[in-house]
Amino acid sequence: MHILSIVGARPQFVKVAMIAAELRKFEAVGAVHHTLVHTGQHYDRSMSDTFFNELSIPAPQHNLEVGSGIHGKQTAAMLERIEQVLQDERPNVVMVYGDTNSTIAGALAAAKLHIPVAHVEAGLRSFNRQMPEEVNRVIADHLSTILLCPTRSAVQNLNNEGISAGVHLVGDVMLDAVLSWRQVARTKSCVLQRLHLRAAEYVLLTIHRAENTQSPDQTAEFFDSLLNIPYPVVFPVHPRTRDWLDREPALRALRDRLACSERIRLIEPVSYLEMLALEDNARVIVTDSGGVQKEAYFLGVPCLTIRSETEWLETLDGGWNRLIGSRAENMGPMLASLWNNNGATPTGAPDLRLFGNGEAAKKIIGVVAGELTGLEVMA
């Protein structure tokens, strides 16, 4: 069985790390051949190479070096190059991950060549078509033969859209990753010492989504509010956010104020283990990232999400994740309440069973093998 995985962005590297580790067991006895394609959507060391090295992901056999760009140009370049790879490799199945432009390009190229598509993280919906990720999810799901759902709500979303064939509840590979790497991060990561941080005495902030980095007034309002927060803030700055702050003339003075703040630490993007350590030891996490929302829930750290909706509804259980929209005035009071435990403390422990049992990668490989056997019999 020849499985070809297509990845290109930081969250996908974490997912494919768990799949690749499981596949190596079968590759060792010649039962599976796994080809890894890196589109180059995230291409600098902090967003790509570090993850491959740290998580023992095998070097990709194909690096398409697409780089950044507007959605149409980037996706078109991926589509052209992926199609050529698929024609050369002729895999039995193409696995795509998550909701990026690499996901949609891989699914579309494979579907047009009549190669079965297996979508890891199928069925997620924010029901906000203004999000590029939502468009990518919906299209990838409708092109896929094998839909690998992390949660029951994802299965239900697909059923509501008339998709039931090939749908499987397998759990979340990102939970696999957290359970596998949390203790390693605790013992090997020196990020807290390097940044002179104490556990539970800082807020961790990440922000990068298009809806939060496209209006200068909205961005200025949010970061002005951040400057007034009386707590230490650690802010790994995503390249998209850094480019936005550097490029927009109206935001450059704000960027300089952030850099000069004694309480706000602007740092470069960190590795997976360093990010896991920062999340694990934060008092509160503020983010617009889907992956960070989940990791906060898995680690039992309260999270404020800078969005009006989330595809990860399960994280809202017990108040562990709270949606605060993009308005700056919503952040301060809620953050203060969580920091001071004034009635906003989440109730109960996070229920990790909602995301599986930490064996999603094993289930995924079993499902894909079974589905392919069925397709071969039908043929």
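All of these numbers come straight from a predicted model, not from anything done at the bench.

Asker: How should I be thinking about the environment of A109 in this particular structure?
Answerer: Within the secondary structure, A109 sits in helix α4 (residues 101-112). Distance from A109 to Q183, taken between C-alpha atoms, is 39 Å for residues 74 residues apart in sequence. Excluding residues within four positions of it along the chain, A109 makes contact with L79, I82, E83 and L86.

Asker: Which parts of the structure should I look at to understand the environment of T35?
Answerer: Structurally, T35 can be placed in strand β2 (residues 33-38). Not counting the four nearest positions on each side in its chain, T35 is found in contact with H2, I3, L4, S5, Q61, H62 and E89. Reaching out from T35, the side chain makes a polar contact with the side chain of H33 at a distance of 3.3 Å.

Asker: In this structure, what is going on with the pattern of salt bridges? I would like to understand it.
Answerer: One side chain can pair with another of opposite charge once the charged atoms of both are near each other. Using the criterion set out here, one finds 21 salt bridges in the structure. R209 is paired through a salt bridge with E133; the nearest N and O atoms lie 2.9 Å apart. With R209 in the loop between β8 (203-206) and α9 (216-227) and E133 in helix α5 (residues 132-143), this pair connects stretches of sequence that are 76 residues apart. Like E133, R209 is buried. The network of salt bridges with common partners includes D99, E133, E134, R137, R209, R307, E309 and E311.

Asker: Could you clarify how one ought to interpret unusual backbone geometry in this entry?
Answerer: Leaving glycine aside, a negative phi is the common case for residues, and trans is the common case for peptide bonds. Positive phi outside glycine occurs at H114, with the angle close to 60°. Within the secondary structure, H114 is located in the loop between α4 and β5 (117-120). Located in the positive-phi region is H196, a residue other than glycine, with phi close to 55°. Tracing the backbone through its elements, the reader meets H196 in the loop between α8 (191-194) and β8. In this structure H196 comes out as exposed when scored by relative accessible area, which is 70%.

Asker: How should I be thinking about the packing of helix α10 (residues 239-247) against helix α11 (residues 249-260) in this particular structure?
Answerer: Packed helices, taken two at a time, are described by the angle their axes make and the gap between the axes. Contact geometry of α10 with α11 gives a least axis separation of 6 Å together with a crossing angle of 110°. Considering the angle they form, α10 stands roughly perpendicular to α11. Each of W244, L245, D246 and R247 in α10 lies in contact with α11, whose residues at this interface are P249, L251, R252 and R255. Taken together, the residues of the contact of α10 with α11 break down into four nonpolar, no polar and four charged.

Asker: What should I look at first to understand the sheet that holds strand β13 (residues 321-323) in this one?
Answerer: What links the strands of a sheet is backbone hydrogen bonding, and the strands pair in either a parallel or an antiparallel sense. Taken in spatial order, the six strands make up an open sheet running β10-β9-β8-β11-β12-β13, and their pairing is parallel. A strand with exactly one partner marks an edge of an open sheet, and here the two such strands are β10 (264-267) and β13. Across this sheet, the average inter-strand angle for adjacent strands is 20°, counted without regard to direction. Pairing geometry for β8 and strand β11 (residues 284-287), over four bridges, is parallel. From the neighbouring strand, T206 faces β11, where its bridge partner is T287.

Asker: Would you take a moment to explain the sheet that holds strand β3 (residues 62-63) for this structure?
Answerer: Taking strand neighbours across the sheet as the criterion, the seven strands line up as β3-β2-β1-β4-β5-β6-β7 in an open arrangement whose pairing is parallel. Edge strands, defined here as strands with exactly one partner in the open sheet, are β3 and β7 (167-169). In this sheet, β2 lies alongside strand β1 (residues 2-7) in parallel orientation, the contact comprising six bridges. Across the sheet, the residue bridging to I3 is H34, located in β2. Here helix α1 (residues 10-27) sits on the sheet and contacts β1, β2 and β4 (93-97); the angle it forms with β2, its principal contact strand, is near 160°.

Asker: What exactly am I supposed to notice about the nonpolar core here?
Answerer: Of all hydrophobic cores here, the largest spans 73 residues; its most connected members are I19, M95, L148, Y272, L278, I364 and V368. Setting aside its immediate chain neighbours within four residues, M95 contacts I3, L4, S5, I6, I19, A118, V120, L148 and I364. Formed by 27 residues, the second largest nonpolar core is a distinct cluster that contains V233, V237, V284 and L335.

Asker: Explain the side chain of S144 to me, please; I cannot follow it from the model alone.
Answerer: Of note, S144 is situated in the loop between α5 and β6 (146-149). Given a relative accessible area of 12%, S144 falls into the buried group. Within the structure, the side chain of S144 is placed 2.6 Å from the backbone oxygen of A140, a separation counted as a polar contact. Ignoring anything within four residues of it in the chain, the contact list for S144 reads V117 and H119.

Asker: Explain the packing of aromatic side chains to me, please; I cannot follow it from the model alone.
Answerer: By convention here, two paired aromatic rings are described through the distance between centres and the angle between planes. Considering all chains together, one arrives at nine aromatic pairs under this definition. On the basis of an interplanar angle of 40° and a centroid distance of 6.1 Å, the ring pair of W312 and F355 is categorised as tilted. Here F355 lies in the loop between α14 (331-340) and α15 (360-378) and W312 lies in the loop between β12 (303-305) and β13, a separation of 43 residues in the sequence. Considered together, W312 and F355 belong to a single accessibility category, that of buried residues. Among the aromatic side chains, those forming a connected cluster through ring pairs are F13, F51, F52 and Y272.

The rules behind these values
Residues numbered from 1 in each chain as written. Predicted model: local features only at pLDDT ≥ 70, side-chain atom pairs only at ≥ 80, totals over all residues. Heavy atoms only, no water. Helix = DSSP H or I, 4+ residues; strand = E, 2+ residues; numbered from the N terminus. Contact = heavy atoms within 4.5 Å. Polar contact = N/O pair within 3.5 Å; in protein donor to acceptor, adjacent residues only side chain to side chain. Salt bridge = Lys/Arg side-chain N within 4 Å of Asp/Glu carboxyl O. Buried < 20%, exposed > 50% of the residue type's maximum accessible area, 1.4 Å probe, protein only. Axes fitted to C-alpha atoms, helices over the stretch in contact; angles between N-to-C directions. Parallel < 35°, antiparallel > 145°, perpendicular 65-115°, else oblique. Nonpolar A, V, L, I, M, F, W, Y, C, P; charged D, E, K, R; others polar. Pairing = 2+ DSSP bridges. Core = buried A, V, L, I, M, F, W, Y, C linked by side-chain atoms within 4.5 Å. Phe/Tyr/Trp six-rings, centres within 6.5 Å; stacked < 30°, edge-to-face > 60°.

On their own, these measurements won't tell you what the molecule is for.
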